[in-house]
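# Architecture and fold: a report
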Number of protein chains: 2
Amino acid sequence: MNTIGTQDVGNGVNVQALLDARQALTAAPEAARFQWRAQCQWVNGTHSRTTVHGFAGLGEEHTHRAPFVFDGDHPEVFASQDNGATPVEILLVALAGCLTAGVATVAARRGVRLHSVKASVSGDMDLQGILGIDADVRNGFTGIHVAYEIDADAPPSDIEAIVAQSQKRSAVFDIVTNPTAVTVEVA
Amino acid sequence: MNTIGTQDVGNGVNVQALLDARQALTAAPEAARFQWRAQCQWVNGTHSRTTVHGFAGLGEEHTHRAPFVFDGDHPEVFASQDNGATPVEILLVALAGCLTAGVATVAARRGVRLHSVKASVSGDMDLQGILGIDADVRNGFTGIHVAYEIDADAPPSDIEAIVAQSQKRSAVFDIVTNPTAVTVEVA
């Protein structure tokens, strides 16, 4: 995994492998079709446990090194037991992780060494939507704000450009900011 | 926390508390404004660690019973180290958890006892988007599919209606299926 990109700036991102992947997938676009999965099991009340393990891509099945398990619940102020983060918070986790992986990747690609990257993410929500009090209030966030603090060997304008490019290439940013079709069926 | 709703069907959802909350927030809508938060720290490569602890609502600050910590990373097929679920998988976890909490809550409200609830969630993605191979391919999921298997004391049509109502009231379902504004700034 030591590549030119990795050695150049030391962010731990394998830039050469990503460039190779782009070349390979340009030649074989059907290999670019991935399917990501999660298996959720209700525990009790609003508490559920969701496992991420297998996924498909590059024309075959894969598994992560280990299953990743997530507890979701509602907090005590909603008369729940707070056995895990609230699902809307888990969505903020997904957004933060995707944008931050992007910052590291774009920085490596541009030869910018990162010393530290922190993101504070917040999502505002009016519960009048979800509780059915006001039909004009949406269930989800009225808006999400992400604030980065980045220490890197680059001037502020370059750092801002890296963060902007990360948004442009982020899957979760796209899913959240644009409509994504969800079909739900009962077996 | 023993209420009529909980005792009636035993799903562990405090229905009376939710009805009381709706009444209280109808009278004091400013208390319905919540802010959910996550703090993300880049670790190395595409690996980041995000913590969920504090949130605001009901006019004050709250903390969860404990900080909830999430590792996000990319898998080894992307030349990463697979130290955590991929952020798009974490988004599927959020969706599954939100819809499933809703199923339990709506079922309790309707007096339907649940024995088991499982959801298999999958999201299809064409990597030609995120890798910048084809500008016409989006970065995010082309679509998400959720398949529920529910064992409950109710006929299939009632179970389907519960799942449908859960979608109607789900914050994460709304955020994913509709556009949500995200602002990103660098401090």
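What counts and what doesn't
Residues numbered from 1 in each chain as written. Chains lettered and ligands numbered in written order. Predicted model: local features only at pLDDT ≥ 70, side-chain atom pairs only at ≥ 80, totals over all residues. Heavy atoms only, no water. Salt bridge = Lys/Arg side-chain N within 4 Å of Asp/Glu carboxyl O. Helix = DSSP H or I, 4+ residues; strand = E, 2+ residues; numbered from the N terminus. Buried < 20%, exposed > 50% of the residue type's maximum accessible area, 1.4 Å probe, protein only. Contact = heavy atoms within 4.5 Å. Buried area = accessible area lost by both parts, 1.4 Å probe. Domains from an automatic or database assignment. Polar contact = N/O pair within 3.5 Å; in protein donor to acceptor, adjacent residues only side chain to side chain. Nonpolar A, V, L, I, M, F, W, Y, C, P; charged D, E, K, R; others polar. Axes fitted to C-alpha atoms, helices over the stretch in contact; angles between N-to-C directions. Parallel < 35°, antiparallel > 145°, perpendicular 65-115°, else oblique. Left-handed = near helix turned anticlockwise from the far one by under 90°.

As enumerated under the stated definition, the model contains six salt bridges over all chains in all. Notably, a salt bridge pairs A:Asp71 with A:Arg49, separated by 2.9 Å at the nearest N-O pair. Highlighted residues: A:Asp71 in strand E3 (residues 60-72) and A:Arg49 in strand E2 (residues 47-57), separated in sequence by 22 residues. A:Asp71 sits in the partly exposed class, given a relative accessible area of 24%. With a closest N to O distance of 2.9 Å, B:Arg37 and B:Glu61 form a salt bridge. Placement of the pair is B:Arg37 in strand E1 (residues 33-44) and B:Glu61 in strand E3 (residues 60-72), with a sequence separation of 24 residues.

The interface is formed by 121 residues belonging to chain A together with 121 residues belonging to chain B. Both faces considered, chain A and chain B share a buried interface measuring about 10800 Å² in area, 63% of it formed by carbon and sulfur atoms. On the chain A side of the contact with chain B, A:Trp36, A:Trp42 and A:Val186 bury the most area, a combined 8% of that side's loss. Between the two partners, chain A and chain B, sit two salt bridges.

Residues and elements named next belong to chain A. What the domain assignment reports for chain A is domain 1 (16-85) and domain 2 (86-177). One C-alpha centre belongs to domain 1, the other to domain 2, and the line joining them spans 18 Å. Across the interface of domain 1 and domain 2, roughly 570 Å² is buried in total on both sides, 71% from carbon and sulfur atoms. For the pair domain 1 and domain 2, the interface holds zero salt bridges. There are one residue pair in polar contact (both at pLDDT 80 or more) connecting domain 1 and domain 2. Those elements that provide at least two residues to the side of domain 1 that touches domain 2 are helix H2 (15-27) and E3. With three residues, H2 is the largest single contributor of residues to the side of domain 1 that touches domain 2. Class assignment for the residues of the side of domain 1 that touches domain 2 results in five nonpolar, three polar and three charged.

This part takes up the packing of helix H3 (residues 87-109) of chain A against helix H5 (residues 156-169) of chain A. All names here are of chain A. With their axes 8 Å apart at the nearest point, H3 and H5 run at an angle of 125° to one another. In terms of axis orientation, H3 runs oblique to H5. Remark: the crossing between H3 and H5 carries right-handed chirality. On H5, the residues that touch Cys98, Leu99, Gly102, Val103, Val106 and Ala107 of H3 are Ile162, Val163, Gln165, Ser166 and Gln167. Its residues assigned to classes, the contact of H3 with H5 comprises seven nonpolar, four polar and no charged.

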